[in-house]
Amino acid sequence: MAGLTAWDRQTTMDIELRAVKDEAEAKRFMIACEATFGDELTDDDWKDFKNVLESDRTIAAFDGDDIIGTAAAFSFRLTVPGGGEVRAAGVTVVGVLPSHRRKGVATKMMRKQLDDVRAAGEPVAILWASEGSIYQRFGYGLATVGQQIDIPRTKTRLLNDPDRVGTVKVGVPMENVGDLSKVYDRARSERPGMVARSEKWWKHHTLRDPERHRDGGGPRFSGILEIDSEPAAYALYRMHHKWDDGSPQGHIEVKELVATSPVAEREMWRFVFDIDLTASVKAWWLPQDSPLMLMLMEPRSLKARASDSIWARIVDVPGAFEARSYNGSGEVVIDVSDDFCPWNEGRWSFDISDGKARITKTDADADIKLHARELGALYLGAFTFAELERALRVETWTEGAIGRADDLFRTARKPWNPEIF
Ligand SMILES: CC(C)(COP(=O)(O)OP(=O)(O)OC[C@H]1O[C@@H](n2cnc3c(N)ncnc32)[C@H](O)[C@@H]1OP(=O)(O)O)[C@@H](O)C(=O)NCCC(=O)NCCS
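None of these values were measured; they are calculated from a predicted model.

Cut-off values and rules
Residues numbered from 1 in each chain as written. Predicted model: local features only at pLDDT ≥ 70, side-chain atom pairs only at ≥ 80, totals over all residues. Heavy atoms only, no water. Helix = DSSP H or I, 4+ residues; strand = E, 2+ residues; numbered from the N terminus. Polar contact = N/O pair within 3.5 Å; in protein donor to acceptor, adjacent residues only side chain to side chain. Buried < 20%, exposed > 50% of the residue type's maximum accessible area, 1.4 Å probe, protein only. Arc of directions from axis to C-beta. Contact = heavy atoms within 4.5 Å. Core = buried A, V, L, I, M, F, W, Y, C linked by side-chain atoms within 4.5 Å. Near = heavy atom within 4 Å. Areas by Shrake-Rupley, 256 points an atom, 1.4 Å probe, with all protein chains shown as cover. Nonpolar A, V, L, I, M, F, W, Y, C, P; charged D, E, K, R; others polar. Expected span 1.5 Å × (residues − 1). Pairing = 2+ DSSP bridges. Salt bridge = Lys/Arg side-chain N within 4 Å of Asp/Glu carboxyl O.

**Student:** How would you summarise the environment of Arg238 if you had to cite specific residues and measurements?
**Tutor:** For Arg238, the position within the fold is in strand S10 (residues 230-240). Considering only alpha carbons, one finds Arg238 and Thr42, 196 residues apart in sequence, at a separation of 22 Å. A distance of 2.9 Å separates a polar atom in the side chain of Arg238 from a polar atom in the side chain of Asp209.

Here it is in structure tokens:
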């Protein structure tokens, strides 16, 4: 790894970008990546990372022999509106050592990565951003919104509380991957934004639970709800114990709660809310349209806070948008500007017939003008054209075009991606 000394070159000309060539270099790559976040790579981290890292999709930035910048991509299958799937690059481990920042290294890596993604025929790239301000310049748009909640257990009474349904089995998540993935896959087929998980991914990514990431909490447990002997929902959670003057003040932290029906969702929350010896329940990344607020007697107690979750970069306009579904039939012409991926620029006809789009370049006048970022925000259904217009993010050139476009692009559910990668 490079010494953390100032870097006096003013350009990235001498920075070489290439994939790691063997396992030893892959490990150095991950050590450098952790260092960009001020962290270290433990043996346990490496054991897991090497199972999911796709070496040929790494981009290591070398200053001489030192790796000073990192980026990589996972090969995902992403659910899109209508229940179809699209191949998507899951951008990850982006970092540049403090000694080499603000000189264009990340920009150079993003350039190479998006060119590689395009060459690989993946129409979309998605990522979680450590800071939202980093990626919009590369054409990423806010594609899913998550909610964080923090609810006192005394305020978790359900509205019109009916009798309990189903039974919950508590266990060690690693021993229940079969049931967890059954629930996840059923939910995924109806929820844009979720990505397919292999068994390897479950074991070496979703369910990894190193002690140093527990933030003082206990190990992670799975609660699996069965209805009619079938797994219908699960919660991955841990307990954070804290005692104050003999009374429990700790909380339950829910990493992920996935359900296959509204009843299963209600019963899974009931289970989490009923766990004793805690004062509150916290969860990250609930869907934007989570029904929980509407299930509660006291909605205010949820203390929901919205935040950006995944960002999407449309790399190939027809490839991405023809994979999803629409409503009815009609045409809208969208003029796209895209300085970072100029092949997307120009006027595109979205010719929609019975819910399927045919997207081609056109000379016709534009109905709507926008930047590629906005395409990312529209793609999975997180935002509508009207919302973007109110945020001064799209321009309308034909009267009524926004309403027409929203009728065509309307989605049944908001997108959701429950896992940081
Ligand atoms: C974010 C990071 C990768 C950027 O690397 P970098 O090589 O300094 O980026 P570049 O020099 O290519 O910067 C490109 C532009 O983005 C801006 N930028 C870079 N990092 C930024 C940040 N964190 N917030 C806002 N703007 C940022 C730069 O100012 C520059 O703007 P300009 O073109 O107008 O001058 C680096 O700061 C880093 O490693 N941060 C810590 C780890 C991290 O957060 N990684 C991202 C994980 S999702």
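**Student:** Explain helix H11 (residues 401-409) residue by residue, including any values.
**Tutor:** Among all positions in H11, only Ala401, Ile402, Ala405, Asp406, Leu408 and Phe409 are buried. Looking straight down H11, one finds its buried side chains confined to an arc of 160°; they lie on one side. Those residues of H11 that are buried are in contact with helix H8 (317-321), strand S17 (330-337), strand S18 (346-353), strand S20 (368-371), helix H10 (385-390) and strand S21 (395-396).

**Student:** An account of the nonpolar core is needed here, citing residue identities and associated values.
**Tutor:** As a rule of thumb, soluble globular proteins bury nonpolar side chains together. Membership of the largest hydrophobic core comes to 58 residues, with the highest contact counts inside it found for Phe321, Phe350 and Phe409. Filtering out sequence-adjacent residues up to four positions away, Phe350 remains in contact with Val317, Phe321, Tyr326, Gly330, Glu331, Val332, Ile334, Arg358, Ile359 and Phe409.

**Student:** Provide a residue-level description of the site of the ligand, including the pertinent values.
**Tutor:** Contacts to the ligand come from 20 residues, most closely from Arg102, Gly104, Thr107, Ser130 and Glu131. Interatomic distance of 2.9 Å between a backbone N/O atom of Val94 and a nitrogen atom of the ligand. Here an oxygen atom of the ligand and a backbone polar atom of Ala106 are 3.0 Å apart. The fraction of the free accessible surface of the ligand (890 Å²) that becomes covered by protein chains is 74%. Among the elements of the structure, strand S4 (85-96) and helix H3 (105-119) are those that each provide at least two residues to the shell around the ligand. A class-by-class count of the residues in the shell around the ligand yields nine nonpolar, six polar and five charged.

**Student:** Residues and numbers for helix H4 (residues 177-188), please.
**Tutor:** Across its twelve residues, H4 extends 15 Å between first and last C-alpha, which sits within 8% of the 16 Å expected from 1.5 Å per residue. Burial in H4 covers these residues: Val177, Asp179, Leu180, Ser181, Val183, Tyr184, Ala187 and Arg188.

**Student:** Before we move on, can you summarise the pairing of S18 with the specific residues and values?
**Tutor:** Strand direction decides the pairing type here: S17 and S18, joined by seven bridges, are antiparallel. Opposite Val333, over in S18, you have Ser349 as the bridge partner. The pairing of S18 with strand S19 (residues 356-361) spans six bridges and is antiparallel. The residue of S19 that forms the bridge with Trp348 is Lys361. The antiparallel hairpin formed by S18 and S19 contains two residues in its connecting segment, where Asp354 sits at a positive phi of about 50°.

**Student:** Tell me about the pattern of salt bridges, and name the residues and values.
**Tutor:** All chains considered together, the criterion is met by 35 salt bridges. Lys21 serves as the salt-bridge partner of Glu25, at 3.1 Å between the closest nitrogen and oxygen. In this structure, Lys112 engages Asp116 in a salt bridge whose closest nitrogen and oxygen atoms are separated by 3.2 Å. Residue Lys112 and its partner Asp116 are located together in helix H3, separated by four residues, close to a single helical turn. Judged by its relative accessible area of 27%, Lys112 is partly exposed. Judged by relative accessible area, which is 35%, Asp116 ranks as partly exposed. A single salt-bridge network, built from bridges that share partners, covers Asp39, Asp45, Asp48, Arg208 and Arg212.

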